[in-house]
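This is what each chain is made of:
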2 protein chains.
Amino acid sequence: MQLTRGADYAVRIMIHLATLPENERVLLPALAAAANAPASFLSKVLQALTRAGLISSRRGQLGGFEMLPRGRQASVLEVVEAIDGPIRLNVCVQHGPSCSRKSWCPAHPVWQLAQAAMIDVLRSASIADLAANASHVAVRD
Amino acid sequence: MQLTRGADYAVRIMIHLATLPENERVLLPALAAAANAPASFLSKVLQALTRAGLISSRRGQLGGFEMLPRGRQASVLEVVEAIDGPIRLNVCVQHGPSCSRKSWCPAHPVWQLAQAAMIDVLRSASIADLAANASHVAVRD
């Protein structure tokens with residue numbers, strides 16, 4: 001049971017972008033260095049963040065990736081879910097039609113509580129706050 | 001990011017066994033019915049629970065699976081980890097040598113907190129308590 005490596009990279013990228021001044025664009029190699037991640041792997045992550053409306057990408061000489069206001073306000077949960085989809089602890093608390101056993105299964109409330117506890121932490125951590133606390137020197141392009 | 005189906009079955013099996021009188025043995029088909037799980041899949045789950053010292057298995061006419069005192073006292077976390085191994089939210093909080101980024105990575109404390117919140121819920125839920133609260137009628141062999 002693990003969040004993907006891509007989600008972990010995405011959070012580090014978002015924190016890095018949130019440390020930069022508004023409208024500053026960063027090229028992929030600089031983002032890869034800041035997130036300590038292989039550039040080849042990051043393309044898909046950046047596409048997903050763009051699709052989710054958290055960052056924008058621009059081609060050309062003045063191109064690069066840029067934080068959007070929605071991304072700056074995002075929680076860690078939103079960033080993770082932009083990459084991995086909805087977080088579910090196990091199939092018992094899956095999205096969609098409810099588990100047919102839940103009316104009698106004594107384990108169901110435990111799965112729900114454990115999932116909610118984890119999600120609450122990720123929801124209450126904002127990218128902006130983490131960027132403000134970041135002690136590392138931001139790598140710029 | 002999900003606990004496996006096997007872990008989910010294991011918790012249901014353990015709760016069922018904990019509803020039975022001490023020393024009562026149950027055959028695999030009855031456990032499969034109680035856990036609402038395919039018998040073929042359960043063999044591996046039952047082997048893992050036996051290896052972990054949570055249940056015992058006996059062959060022959062009076063054979064079957066039986067709860068051990070350690071299993072009765074186990075938490076949901078112990079049962080899940082008997083099947084899935086240590087629960088880790090992502091590679092950042094993996095077992096073994098610590099993440100080399102953790103001294104500066106602003107995301108690290110969030111992963112740690114989220115993992116701890118989830119694990120705390122699973123650790124504080126005991127199989128015995130869940131069995132005591134179980135409202136369903138135990139399926140016997």
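Residues numbered from 1 in each chain as written. Chains lettered and ligands numbered in written order. Predicted model: local features only at pLDDT ≥ 70, side-chain atom pairs only at ≥ 80, totals over all residues. Heavy atoms only, no water.

## Here's the deal with the packing of aromatic side chains
Residues and elements named next belong to chain B.
Here's step 1: In the structure shown here, the tally under the stated rule is two aromatic pairs over all chains.
Here's step 2: Ring centres of Tyr 9 and Phe 41 lie 5.2 Å apart, and the angle between their planes is 85 degrees; this geometry places the pair in the edge-to-face category. Here the residue Tyr 9 occupies a position in helix α1 (residues 5-18), and Phe 41 occupies one in helix α3 (residues 39-51), the gap between them amounting to 32 residues.
Here's step 3: Given a relative accessible area of 38%, Phe 41 falls into the partly exposed group. (Phe/Tyr/Trp six-rings, centres within 6.5 Å; stacked < 30°, edge-to-face > 60°. Helix = DSSP H or I, 4+ residues; strand = E, 2+ residues; numbered from the N terminus. Buried < 20%, exposed > 50% of the residue type's maximum accessible area, 1.4 Å probe, protein only.)

## Points about the packing of helix α6 (residues 108-124) of chain A against helix α6 (residues 108-124) of chain B
Here's step 1: Their axes nearest at 8 Å, the elements α6(A) and α6(B) cross at an angle of 165 degrees. Between α6(A) and α6(B), the crossing angle belongs to the class labelled roughly antiparallel. Classified by chirality, the crossing of α6(B) by α6(A) is right-handed. Every residue of α6(B) that contacts α6(A) at A:Val110, A:Trp111, A:Leu113, A:Ala114, A:Ala117, A:Met118, A:Val121 and A:Leu122 is listed here: B:Val110, B:Trp111, B:Leu113, B:Ala114, B:Ala117, B:Met118, B:Val121 and B:Leu122.
Here's step 2: Across the contact of α6(A) with α6(B), the residue classes tally to 16 nonpolar, no polar and no charged. (Axes fitted to C-alpha atoms, helices over the stretch in contact; angles between N-to-C directions. Parallel < 35°, antiparallel > 145°, perpendicular 65-115°, else oblique. Left-handed = near helix turned anticlockwise from the far one by under 90°. Contact = heavy atoms within 4.5 Å. Nonpolar A, V, L, I, M, F, W, Y, C, P; charged D, E, K, R; others polar.)

## Things to note about the nonpolar core
Here's step 1: Counting 98 residues, the largest nonpolar core has A:Val76, A:Trp111, A:Leu122, A:Ile127, B:Val76, B:Trp111 and B:Ile127 as the members making the most contacts within it.
Here's step 2: Residues within four places of A:Val76 in sequence aside, it is in contact with A:Val11, A:Leu122, A:Ala125, A:Ile127, A:Leu130, B:Val110 and B:Trp111. (Core = buried A, V, L, I, M, F, W, Y, C linked by side-chain atoms within 4.5 Å.)

## What about the environment of B:Leu28?
All names here are of chain B.
Here's step 1: Structurally, the position occupied by Leu 28 is in helix α2 (residues 28-35).
Here's step 2: Take Leu 28: its relative accessible area is 19%, and that puts it in the buried class.
Here's step 3: For the pair Leu 28 and Met 118, spaced 90 residues apart in sequence, the C-alpha separation works out to 31 Å.

## Some words on the interface of chain A and chain B
Here's step 1: Contacts between the two partners involve 38 residues from chain A and, on the opposite side, 38 residues from chain B.
Here's step 2: Across the interface of chain A and chain B, roughly 3400 Å² is buried in total on both sides, 70% from carbon and sulfur atoms.
Here's step 3: Between chain A and chain B we count zero salt bridges in total.
Here's step 4: Inspection of the chain A/chain B interface yields two residue pairs in polar contact (both at pLDDT 80 or more).
Here's step 5: Of all the secondary-structure elements, those providing two or more residues to the side of chain A that touches chain B are α1 (5-18), α2 (28-35), α5 (76-84) and α6 of chain A.
Here's step 6: Per element, the largest residue contribution to the side of chain A that touches chain B is eight residues, and it comes from α6(A).
Here's step 7: In terms of residue class, the side of chain A that touches chain B is built from 27 nonpolar, six polar and five charged. (Buried area = accessible area lost by both parts, 1.4 Å probe. Salt bridge = Lys/Arg side-chain N within 4 Å of Asp/Glu carboxyl O. Polar contact = N/O pair within 3.5 Å; in protein donor to acceptor, adjacent residues only side chain to side chain.)

## Observations concerning the confidence of the model for chain A
Low pLDDT marks regions whose predicted coordinates should not be analysed in detail.
Residues and elements named next belong to chain A.
Here's step 1: The share of residues in chain A with pLDDT of 70 or more is 91%, and the mean pLDDT across the chain is 88.
Here's step 2: Taken element by element, the predicted model of chain A shows its lowest mean pLDDT in α2 (90) and its highest in α5 (96).
Here's step 3: The model gives residues 135-141 a pLDDT under 50, and that stretch makes 20 contacts with residues more than four places away or in other chains.
Here's step 4: Here the prediction assigns the complex a pTM of 0.87, and the interface score ipTM is 0.86. (pLDDT = per-residue confidence, 0-100.)

## What to know about the pattern of salt bridges
Residues and elements named next belong to chain A.
Here's step 1: Counted by the stated rule, this structure contains eight salt bridges over all chains.
Here's step 2: Salt-bridge contacts for Arg 25 lead to Glu 66; the nearest nitrogen and oxygen are separated by 3.0 Å. On the criterion of sequence distance, the pair formed by Arg 25 in the loop between α1 and α2 and Glu 66 in strand β2 (residues 64-67) is long-range, its members being 41 residues apart.
Here's step 3: Overall, the relative accessible area of 9% leaves Glu 66 in the buried class.

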